[in-house]
Amino acid sequence: MRGRTSLYTVALYAVSAVETLICTGLALYPLHQLGILGQLSHFKGLIQLYSLSLSNLDIWLLSILKNACILILIHVHGTRPGQEEEEISAMYKKVRRGIRGTCITAQLLLLGKATVIAINAPDNLVPIFMNAASSGKPFVGLVMMFSALFCCLLCSFLEGMTAVQSVRRMQTLSKEAREANNEDVTAPLLPSYDQEEKGKPHKEKAVKKGLSASAAGGNKNNATISELLLLSRPDAVFNCIALTAGCVAALCTALVPYYTGLVIDFASIEPDRSKFVSTCLILVLVAALGGIFTGIRGCLFSFSMNRLNVRLRKGLFHSLVQMEMAFFDTNKVGDISSRLSSDTTAVSDQISLNINVMMRSITQALLVIVFMLAASWRLTTITFVLIPLVMTVSSVYGKYYQKLSKELRTELAEANAVAEEVLSAMSTVKAHAAQDSSEAAYHTKLESYSKVMIKQVLAYCLFAVINTFLPNALSAAVLFYGGTFVLEGKMSPGSLVSFMLYQQSLSSAFQAMADVYSALTAAVGAADKVMELIKRKPEVSQGGSLIPSSLTGRIEFQNVVFNYPSRPEAPVIQGLSLIVNPGEVVALVGPSGGGKSSIVRLIERFYLPTSGQVLLDERDIGMYKNKWLRQQVALVSQEPVLCARSVRRNIIYGLEAEDGVEPPSNEEIEEAARQANAHDFIMGFPDGYETNCWEKGTQLSGGQKQRIAIARALVRKPRVLLLDEATSALDADSEAVVQEALDRIMANRTTLVIAHRLSTVQHADKIIVIAKGVVQEVGNHEGLLAAGGMYATLVKRQLQRSGSTMSFSNPSTGLEASGSSILGPRGGSRFTSQASLLNGAEQVD
Ligand SMILES: Nc1ncnc2c1ncn2[C@@H]1O[C@H](COP(=O)(O)OP(=O)(O)OP(=O)(O)O)[C@@H](O)[C@H]1O
């Protein structure tokens, strides 16, 4: 941050210093050459020198005034303290406007001077400079004047850019400092490094939040056009060859008007048949070469465009799969997939296509300018006065278009998210007859999208109108002055025709550049989001490098405090300490929202605790190598997600050769499936283990999916098993089969079970009752019933709700319970009760 701020400020000072030096040199050197520098010490002499028509003193003065204005604006006006946020923001806006206004005024004055010289300067220049030249001194007055003009013009552009960026940066820092301090602070435009440092963590936090980071934390992750161009670096070879081909093609294009002019002169002004024929042949040859090299250039650029597209998608996908879970809590899947599909294509297409056009246009423009200067420097100057106008229109439009483009993508992503949500939950939509409201929601989103799209279309129309008018106006002006020069005998008709063709060629080059600029700025809108994601570092690291030779499976929570990053104000776990000994089966029960699943997520390291530690075998869980940890700690969740691939590949998900591990053998896969009660039904499929599960396992029942998920966990031979309501979504029959498998696999493993059903938890070695992120009770089923606390109440409520005839003997609560199905041994038939601890819990809460 500090570097960037310093860079802008340093760049501003550097450009101002260079400009002052060059302009001073170019203003004083001619006077020195003429031996009249001494007159500068007299005020009268200075006025006289300034009035010389080819003097550069006015440019020098203008440059000094401009630099002074910009620096004064930043230092004096900008350091005034503001009271309110709006005041400060308005002040920065004023300063930026002032800087822009100063630069534009200077640029207009410079262009005005160039026009006046081009129209009025006599052919023999000013005698005084002619005398200097004839006296043998190497001095060309006009060239120096144009150098001074060009230098001042260029520097004013650079100063404008750096100064505005500098002010923007300062505004962001000032805002961050205010937010960090949460108190009224003065808002100097040139912040101290202290302020920058204060703003830093705040901004980093904002960036970490996700897709909306740039809105909160400035433009750190914003892709700039130069960043987009850098993305093409790996294709540098192809681009270089394409560029060379483009240069040759541009040279050929630039030669066409030249030979056209000669053909006209040899046909009419100085008739010469043989020269006429040979020039025509050369013209055809030049045109043919131009065509061939244009083809080579286009082909190579298209090739690199496709490579870039693939590279972008790979980079983005790589970045996405590394993201921590909190990222997916705050970013919609629709938005993310839109980045991956349309935005990457937009970026790569726009970049390569526009690099192609940009290179061609720049080369073409440079060559054409040389030819134009050779044909007529006056007409060239007039042509160039109008160019900044076109550029200004393009830049203003570009910014607006970029904003609209970003808005449009966001609207589209939102509409897609709604559609995706509805389509992926079609059964729920139909079951609730929510088709109409779903359609209405989608229509609303589409309407907002259409509104932005209409704005974008109108913006494009306006730009097209202006962009078409300006080149034609330019042609008319050039034709007028060119015609006058021909009438005055200063130019041949052939040269005027050549010049007009050059000018058209230049116009098309600039037009293309303007188009490229606006298209690139549109690509920046898409690239902003893509680059933001590619560059984003995951908040939860991929883990350490520890791979111990054995693992007992002891889990310990040491005073863990946790809240979800997306809801920092809502504590989920508050000072939780618990120990699960190796081989123990521990059940977590408690009211809904109490934090049970969050405990499992912390063990899985989907999230990091806010404070405290989660230990596995007395070491912080983050120290273990991620891949190894995922094999040792297996999770079976309530709704297992199967992928559109074979049953076999679903079972060994994450253990394939591409994952960098030795894939399990067929025997191991089948053994895992047998233990999960899945082998028989899998073999019942026509293709057995090669049967495709289709997207999200749509062709399998809930129980079948769950058993494949259990096999998936078992094939890893985990030491720790996490069962997060693994049977709660199943019907009684499926639950029976799945529960039987679970009972079997729990043996000899540390198992943490979350269950709402009494049948699942009552035989656990230890039952931990969690409510509001705090351990309320710990004990076994009988002990907790006897204690008559929250667990006993939960059980009581459950039995009442289920209408069960079962009764517990519970002296303290007075509950009478019986029923062999519930009280049966572990591994036995313990699944007949459909009563839910959750139901009871809701009332307890
Ligand atoms: N991804 C998330 N982002 C933000 N808050 C969350 C997230 N997941 C859960 N929560 C919140 O954390 C709290 C604890 O949720 P958790 O899923 O751990 O409860 P639970 O005890 O497992 O509940 P249940 O028994 O209903 O599954 C709840 O208030 C919930 O709203």
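As recorded by an unreviewed UniProt entry, the protein chain carries the name ATP-binding cassette transporter and is attributed to Chlamydomonas eustigma. As stated in UniProt under Subcellular location (unreviewed entry), the record for the protein chain gives "Mitochondrion inner membrane".

Further remarks concern the confidence of the model for the protein chain. Across the protein chain, the average pLDDT comes to 75, with 78% of residues at or above 70. Within the protein chain, no element has a lower average pLDDT than helix α28 (residues 820-823), which sits at 31, and none a higher one than strand β1 (residues 555-562), at 91. For residues 124-130, every residue scores under 50 in pLDDT, and the model assigns this stretch 11 contacts once sequence neighbours within four places are set aside. Predicted confidence for residues 804-845 stays below pLDDT 50, and this span has 106 contacts to residues more than four positions away or in other chains.

Before going further, it helps to examine the pairing of strand β10 (residues 774-779). Sheet topology places strand β9 (residues 766-771) next to β10; five bridges connect them, and they run antiparallel. When the sheet's bridge partners are listed, Val 769 is paired in β10 with Glu 777. Hairpin geometry of β9 and β10 is characterised by an intervening segment of two residues between the two adjacent antiparallel strands and by a positive phi of about 50 degrees at Lys 772.

This part covers the sheet that holds strand β4 (residues 611-616). With respect to topology, four strands assemble into an open sheet ordered β2-β1-β4-β5, the strand pairing being antiparallel. Both edges of this open sheet fall to β2 (573-580) and β5 (619-620), since each of them pairs with a single strand only. Sheet topology note: the β4/β5 ladder contains two bridges and is antiparallel. The residue of β5 that forms the bridge with Leu 615 is Asp 620. Lying on the sheet, helix α18 (residues 596-603) is in contact with β1, β2 and β4; it crosses β1 at an angle near 115 degrees.

What follows concerns the environment of Val 580. Here Val 580 is to be found in strand β2. Expressed as a C-alpha distance, the spacing of Val 580 and Phe 557, which sit 23 residues apart in the sequence, is 8.8 Å. Beyond its immediate sequence surroundings of up to four residues, Val 580 is in contact with Gly 553, Arg 554, Ile 555, Val 586, Thr 750 and Leu 752.

Here the focus is the site of the ligand. With respect to spatial proximity, 17 residues lie near the ligand, and among them Ser 592, Gly 593, Lys 596, Ser 597 and Ser 598 are the closest. Between the ligand and Asp 329, the relevant distance is 3.1 Å, taken from a nitrogen atom to a side-chain nitrogen or oxygen of the residue. One of the side-chain N or O atoms of Ser 598 is found 2.5 Å from an oxygen atom in the ligand. Alone, the ligand offers 630 Å² of accessible surface; in the complex the protein occludes 74% of this. Among the elements that make up the shell around the ligand, the one with the highest residue count is α18 (four residues). Its residues assigned to classes, the shell around the ligand shows four nonpolar, eight polar and five charged.

Glancing now at a nonpolar patch on the surface. A cluster of nonpolar side chains, Phe 150, Leu 154, Leu 158 and Met 161, forms an exposed patch at the surface whose accessible area comes to about 410 Å². With respect to the secondary-structure elements, Met 161 resides in helix α6 (residues 141-181). Given the relative accessible area of 55%, Met 161 is considered exposed.

Further remarks concern the environment of Asn 780. Tracing the chain through its elements places Asn 780 in the loop between β10 and α26 (781-787). Asn 780 sits in the partly exposed class, given a relative accessible area of 35%. Separated by 13 residues in the primary sequence, Asn 780 and Ile 767 have C-alpha atoms spaced 5.5 Å apart. Sequence-distant contacts of Asn 780, that is, excluding residues within four places in its chain, are made with Asp 765 and Ile 767. A distance of 2.7 Å separates the side chain of Asn 780 from the backbone nitrogen of Gly 783, its partner in a polar contact.

With the rule as written, the count across this model stands at 16 salt bridges. Taking the shortest distance from any N to any O, the salt bridge between Asp 235 and Arg 307 comes out at 2.6 Å. A residue pair is termed long-range when its members are at least 10 positions apart, and Asp 235 in the loop between α9 (225-230) and α10 (236-269) and Arg 307 in helix α11 (residues 273-322) qualify at 72 residues. Note on Arg 307: relative accessible area 34%, which makes it partly exposed. A salt bridge links Glu 668 to Lys 717; the nearest nitrogen and oxygen atoms lie 2.7 Å apart.

Turning our attention to unusual backbone geometry. For Asn 559, which is not glycine, the phi dihedral falls at a positive 45 degrees. Structurally, the position occupied by Asn 559 is in strand β1. Given a relative accessible area of 49%, Asn 559 falls into the partly exposed group. In this model, Glu 618 sits at a positive phi of 65 degrees, which is unusual for a non-glycine residue.

With respect to the helices and strands, the residue Ala 27 is situated in helix α1 (residues 2-33). Relative accessible area serves as the criterion here: at 2%, Ala 27 is assigned to the buried category. Between the alpha carbons of Ala 27 and Ile 59 there is a distance of 7.9 Å; along the sequence they are 32 residues apart. Excluding residues within four positions of it along the chain, Ala 27 makes contact with Asn 56, Leu 57 and Trp 60.

A few words now on the packing of aromatic side chains. How two aromatic rings sit relative to each other is set out by the distance from centre to centre and by the angle between their planes. Counted by the stated rule, this structure contains 11 aromatic pairs. Their ring planes at 85 degrees and their centres at 4.9 Å tell us that Tyr 564 and Tyr 607 sit as a pair that is edge-to-face. Residue Tyr 564 is found in the loop between β1 and β2, and its partner Tyr 607 is found in the loop between α18 and β4; the two are separated by 43 residues along the sequence. Members of the aromatic cluster, joined through ring pairs, are Tyr 258, Tyr 259, Phe 371 and Tyr 502.

Rules of the game
Residues numbered from 1 in each chain as written. Predicted model: local features only at pLDDT ≥ 70, side-chain atom pairs only at ≥ 80, totals over all residues. Heavy atoms only, no water. UniProt positions renumbered as here; feature names shortened; annotations may be inferred. pLDDT = per-residue confidence, 0-100. Helix = DSSP H or I, 4+ residues; strand = E, 2+ residues; numbered from the N terminus. Contact = heavy atoms within 4.5 Å. Pairing = 2+ DSSP bridges. Axes fitted to C-alpha atoms, helices over the stretch in contact; angles between N-to-C directions. Near = heavy atom within 4 Å. Polar contact = N/O pair within 3.5 Å; in protein donor to acceptor, adjacent residues only side chain to side chain. Areas by Shrake-Rupley, 256 points an atom, 1.4 Å probe, with all protein chains shown as cover. Nonpolar A, V, L, I, M, F, W, Y, C, P; charged D, E, K, R; others polar. Patch = residues over 30% accessible without salt bridge, like charges linked within 9 Å, V, L, I, M, F, W, Y side chains within 5 Å. Salt bridge = Lys/Arg side-chain N within 4 Å of Asp/Glu carboxyl O. Buried < 20%, exposed > 50% of the residue type's maximum accessible area, 1.4 Å probe, protein only. Phe/Tyr/Trp six-rings, centres within 6.5 Å; stacked < 30°, edge-to-face > 60°.

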